[in-house]
Amino acid sequence: MQGTLAPCAAKASLSRGRKYAEPASLHRSEYQRDRDRIIHSTAFRRLMYKTQVFVNHEGDLYRTRLTHSLEVSQIGRTVAVALNLNEALTEAICLAHDLGHTPFGHAGQDTLNTCMREFGGFEHNLQSLRVVDELESKYAEFTGLNLMFETREGILKHCSARNARALGDVGERFLTRQQPGLEAQLANIADAIAYNNHDVDDGLRAGLLTIEQMQQQALFEIPFREVSDKYPQLDDRRLIYEVIRRMVGTVVTDLIEETARRIETAAPDSIDAVRKMPKPLVSMSDEVYAQHKSLKRFLHKHLYSHEQKLAMTHKVQAIVEALFHAYMNDVSLMPEEFSAVAENAADDVRARVVADYIAGMTDRFAISAHETIKGC
Ligand code: MG
């Protein structure tokens, strides 16, 4: 149970509210309600079979988008409680941040973006907002999940000026260069902390990274020395767990301490004061941030661009491309709910429906859909 919220935390009583007014819930706060709507969404369940880094069928122990989102949420909640920020809102944003991700991770999103170039492009972050605002249809009285403004604000991490203008309320801050609330800032960093650390674990498990290689990274090397000295007999697997546990601990503790300092100095008295700050307040210290960035660069070079990963990337790019062209040429290959909208529609509307359909697919569904269209 959460104690008193900090003055700068998001509060439902001062919220910009929901697009469609709803009576209050008897047992839950407005942000708890948002979190629950996200957990009950179809897009959330599909995260279970979507790639984080390793394609879902490559192994049962790797992170999927779902377990990634849960780890992001766990980190976000810890920091939120420590800083007296709104835990339920942080959790809601963390759980929803990847809802718009395509199958096959970044390879899928980049390919879909290329296919959509003439039709306004495709961006997974914007798609996450589209999922909660438009694509989930579960309520009789409105489309989408009708989430609170602050939850939607947090889901939309970045946005072009053109898209911001089209989006209205949640797009505004990209035009006026304002910050989002602290819970949104926190969810963004919790995402980066989660993947940096779990990708080390998955990369080592897959044999694409080695311990020796990882020792070039200060974030890994310092706890690695500490654990090896304390437990010289430890097998590699347990050693890696102990090291990664400490890595997360180092970054999270630093994030809490540095952010607490910045909040104390800036002393914003409301979420609106936070929005007017020149810079985000949720931040690691310069020293730890430099280590975190270095690890991120290292993973880009040695894991995400590993030739074994690239081979898989090429395969899945071909699948997404083939699906896009097949559905554009013949919308009746899609289920009725999509084909009915796409039929006789202008090219850009048809393309958006096709992108929505493909983006919603899980890895294995996309693979089997590809098998089906190959026969057409
Ligand atoms: Mg993420």
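Everything below is about the structure printed above this text.
To start, this report covers the structure provided alongside it.

To continue, consider the nonpolar core. One recurring pattern in soluble globular proteins is that nonpolar side chains are buried together. Judged by nonpolar contacts, the single largest core of 61 residues is most densely connected at Val-200 and Phe-220. In terms of residues, this core owes the most to one element, helix α10 (residues 182–206), which gives 12 residues. Setting aside its immediate chain neighbours within four residues, Val-200 contacts Leu-209, Met-214, Phe-220, Ile-244, Met-247, Leu-295 and Leu-299.

Right, let's talk about helix α12 (residues 218–230) for a bit. Taking 1.5 Å per residue as the helical rise, α12 with its 13 residues ought to reach 18 Å, and the 18 Å between its terminal C-alpha atoms agrees with that figure. The complete set of buried residues in α12 reads Leu-219, Phe-220, Pro-223, Phe-224, Val-227 and Ser-228. Seen along its axis, α12 keeps its buried residues to an arc of 135°; they face one direction. Projecting away from the buried face of α12 at angles above 90 degrees are the exposed residues Ile-222 and Asp-229. Packed against the buried residues of α12 are α10, α11 (211–214), α13 (236–266) and α15 (286–304).

Let us look at the environment of Arg-77. Inspection of the secondary structure puts Arg-77 in helix α3 (residues 65–82). You can call Arg-77 partly exposed: its relative accessible area is 25%. When the C-alpha atoms of Arg-77 and Gly-207 are compared, they prove to be 31 Å apart, with 130 residues separating the residues in sequence. With near-sequence residues (within four places) excluded, Arg-77 lies in contact with Glu-87, Thr-90 and Glu-91. Of note is the side chain of Arg-77, whose polar atom sits 3.0 Å from the side chain of Glu-87.

Conventions we followed
- Residues numbered from 1 in each chain as written.
- Predicted model: local features only at pLDDT ≥ 70, side-chain atom pairs only at ≥ 80, totals over all residues.
- Heavy atoms only, no water.
- Core = buried A, V, L, I, M, F, W, Y, C linked by side-chain atoms within 4.5 Å.
- Buried < 20%, exposed > 50% of the residue type's maximum accessible area, 1.4 Å probe, protein only.
- Helix = DSSP H or I, 4+ residues; strand = E, 2+ residues; numbered from the N terminus.
- Contact = heavy atoms within 4.5 Å.
- Expected span 1.5 Å × (residues − 1).
- Arc of directions from axis to C-beta.
- Polar contact = N/O pair within 3.5 Å; in protein donor to acceptor, adjacent residues only side chain to side chain.

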